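Next come the chains, spelled out residue by residue.
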Amino acid sequence: MTKSGNTIPAGRCGAIFADLSSDEILAGVCGFLWKKVCLFESVDSTNERALALASSEVPPHGTVIIADAQSSGRGRLGRKWFSPPGRNIYMSALLKPEIGLRDATLLTIVGALAGVVALRNKTGLDLRIKWPNDLMVNNKKIGGILTEIRSDPEKINLAVIGIGVNVNSEVVDFPEELSGIVTSARTEAGRMFSRVGIIIEILRELERWYKTLTNEGRRPLLEEWKSRSSTIGKKVRIVLGNEILSGVAETIDDNGMLILRTGSGGKRRISSGDVMELR
Ligand code: BTN
């Protein structure tokens, strides 16, 4: 049980698995937002573990769930997230944000900015964000964000920002269908990185951008996202279920939706989908 009475399912605070230590992570963060880091050797999905806390009497705002490996790591659009042990980062940050349901996309923007800035700081790699949530290096995916919420009709009760980063996996380790699409920090930089160091930096940046959202509103967040985007201004093809759209990605609107100018000169507001950036 935590001090506030929530039960954390399995996993332990004060745990060490491989090179990961929850105490070292919490000590390194030095902020005010993150109060508890729970480390698991292996879970189905850190997002799933985090969402299980939604039914706690006191939703654990400021808790972070990290695993060395995931057996059912999940990505956007029902995809699987490759999650072998000992190599990469799988983490989920729990928040109880005072924002409306319609603004939930802004939390993905918070996650993407935190990921891109933290990874740039720690690896020196030139990362960009592909709409809506892909962290990219040299046109290949190095990480992704999956935000999931529990809500009632008016408000968000709990938000989980899930972040996956390919740190020390080598491209040959990935399933064949991901070949040419994904990369890792190790592949791009030619050396290995400390997972703890990157996790600490991600948590610091998550706190920074979350506070920006709550103190200053969406504007600075959206401007920063645009300046770090690889998508805006590009010709794109978007797969939306059975529909394929082509056009120029003009901007994102106040809710983080992509505004696409189509060939016929019309505009479409896109809330989700698979974006392919054309040269
Ligand atoms: C995507 O790009 O499709 C989003 C990938 C998000 C993966 C992370 S890994 C940690 C957290 N737990 C999950 O099951 N998924 C997210």
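Let me sum up the structure you'll find in this document. (Residues numbered from 1 in each chain as written. Predicted model: local features only at pLDDT ≥ 70, side-chain atom pairs only at ≥ 80, totals over all residues. Heavy atoms only, no water.)

1. A few points about the pattern of salt bridges
Enumeration over the complete set of coordinates arrives at 25 salt bridges. Taking the shortest distance from any N to any O, the salt bridge between Arg49 and Asp44 comes out at 3.3 Å. Overall, Arg49 belongs to the partly exposed group, its relative accessible area being 24%. The exposure class assigned to Asp44 is partly exposed, which follows from its relative accessible area of 25%. With a closest N to O distance of 2.3 Å, Asp126 and Arg120 form a salt bridge. Classification of Arg120 by relative accessible area gives partly exposed; the value is 27%. (Salt bridge = Lys/Arg side-chain N within 4 Å of Asp/Glu carboxyl O. Buried < 20%, exposed > 50% of the residue type's maximum accessible area, 1.4 Å probe, protein only.)

2. Focus on the sheet that holds strand S6 (residues 127-130)
The mixed open sheet is built from seven strands, whose spatial order is S3-S4-S5-S9-S8-S7-S6. Each edge of the sheet is formed by a strand with only one pairing partner; in this case those strands are strand S3 (36-43) and S6. Averaged over all neighbouring strand pairs, the angle between strand axes comes to 20 degrees, with direction disregarded. Pairing analysis gives four bridges linking S6 to strand S7 (residues 134-137), with the strands arranged antiparallel. Bridging across to S7, Lys130 finds its partner in Asp134. (Pairing = 2+ DSSP bridges. Helix = DSSP H or I, 4+ residues; strand = E, 2+ residues; numbered from the N terminus. Axes fitted to C-alpha atoms, helices over the stretch in contact; angles between N-to-C directions.)

3. Looking at the environment of Glu177
Positionally, Glu177 belongs in the loop between strand S9 (156-165) and helix H4 (185-189). The class of Glu177 is exposed, set by a relative accessible area of 62%.

4. Regarding the site of the ligand
Taken together, 21 residues form the shell around the ligand, and within it Ser45, Thr46, Arg74, Arg76 and Lys141 come nearest. The contact in question runs from an oxygen atom of the ligand to an N or O atom on the backbone of Arg76, over 2.7 Å. In the model, an oxygen atom of the ligand is placed 2.5 Å from a nitrogen or oxygen of the Lys141 side chain. Burial of the ligand by the surrounding chains reaches 98%, relative to a free accessible area of 420 Å². Elements supplying a minimum of two residues to the shell around the ligand: helix H2 (46-52), strand S5 (89-95), strand S8 (140-151) and S9. Tallying contributions element by element places S8 first for the shell around the ligand, with four residues. In terms of residue class, the shell around the ligand is built from six nonpolar, eleven polar and four charged. (Near = heavy atom within 4 Å. Polar contact = N/O pair within 3.5 Å; in protein donor to acceptor, adjacent residues only side chain to side chain. Areas by Shrake-Rupley, 256 points an atom, 1.4 Å probe, with all protein chains shown as cover. Nonpolar A, V, L, I, M, F, W, Y, C, P; charged D, E, K, R; others polar.)

5. Some points on the packing of helix H5 (residues 195-216) against helix H6 (residues 218-227)
As a packed pair, H5 and H6 sit with axes 7 Å apart at the nearest point and diverge in direction by 135 degrees. In terms of orientation, H5 and H6 fall into the oblique class. For the pair H5 and H6, contact is made by Trp209, Thr212, Leu213 and Glu216 and by Arg218, Pro220, Leu221 and Glu224, respectively. Its residues assigned to classes, the contact of H5 with H6 shows four nonpolar, one polar and three charged. (Parallel < 35°, antiparallel > 145°, perpendicular 65-115°, else oblique. Contact = heavy atoms within 4.5 Å.)

6. Quick look at the packing of helix H1 (residues 22-29) against H5
At their nearest, the axes of H1 and H5 sit 9 Å apart, and the two run at 40 degrees to each other. By the angle between their directions, the pair H1 and H5 is classed as oblique. When you trace H1 past H5, the crossing you get is right-handed. Across the interface between the two elements, Glu24, Ile25, Gly28 and Val29 of H1 pack against Val196, Ile199, Ile200, Leu203 and Arg204 of H5. Grouping the constituent residues of the contact of H1 with H5 by class yields six nonpolar, one polar and two charged. (Left-handed = near helix turned anticlockwise from the far one by under 90°.)

7. A look at the sheet that holds strand S12 (residues 258-262)
The sheet built from five strands is open, its strands ordered S13-S12-S11-S10-S14 with antiparallel pairing. Edge strands, defined here as strands with exactly one partner in the open sheet, are strand S13 (267-270) and strand S14 (274-278). If you compare each strand with its neighbour and ignore which way they point, the axes differ by 40 degrees on average.

8. Description of unusual backbone geometry
When glycine is set aside, most residues are seen to have a negative phi, and most peptide bonds are trans. Cis geometry is found at the peptide bond from Trp131 to Pro132, where omega equals 0 degrees. Mapped onto the fold, Pro132 is located in the loop between S6 and S7. Not every positive phi belongs to a glycine, and Asn138 is a case in point at roughly 50 degrees. By secondary structure assignment, the location of Asn138 is in the loop between S7 and S8. On the basis of relative accessibility, which here comes to 58%, the residue Asn138 falls in the exposed class. One non-glycine residue, Asn139, lies in positive phi territory at about 65 degrees. For Asn139, the location among the structural elements is in the loop between S7 and S8.

Everything listed here is a matter of geometry and, on its own, says nothing about what the molecule does.
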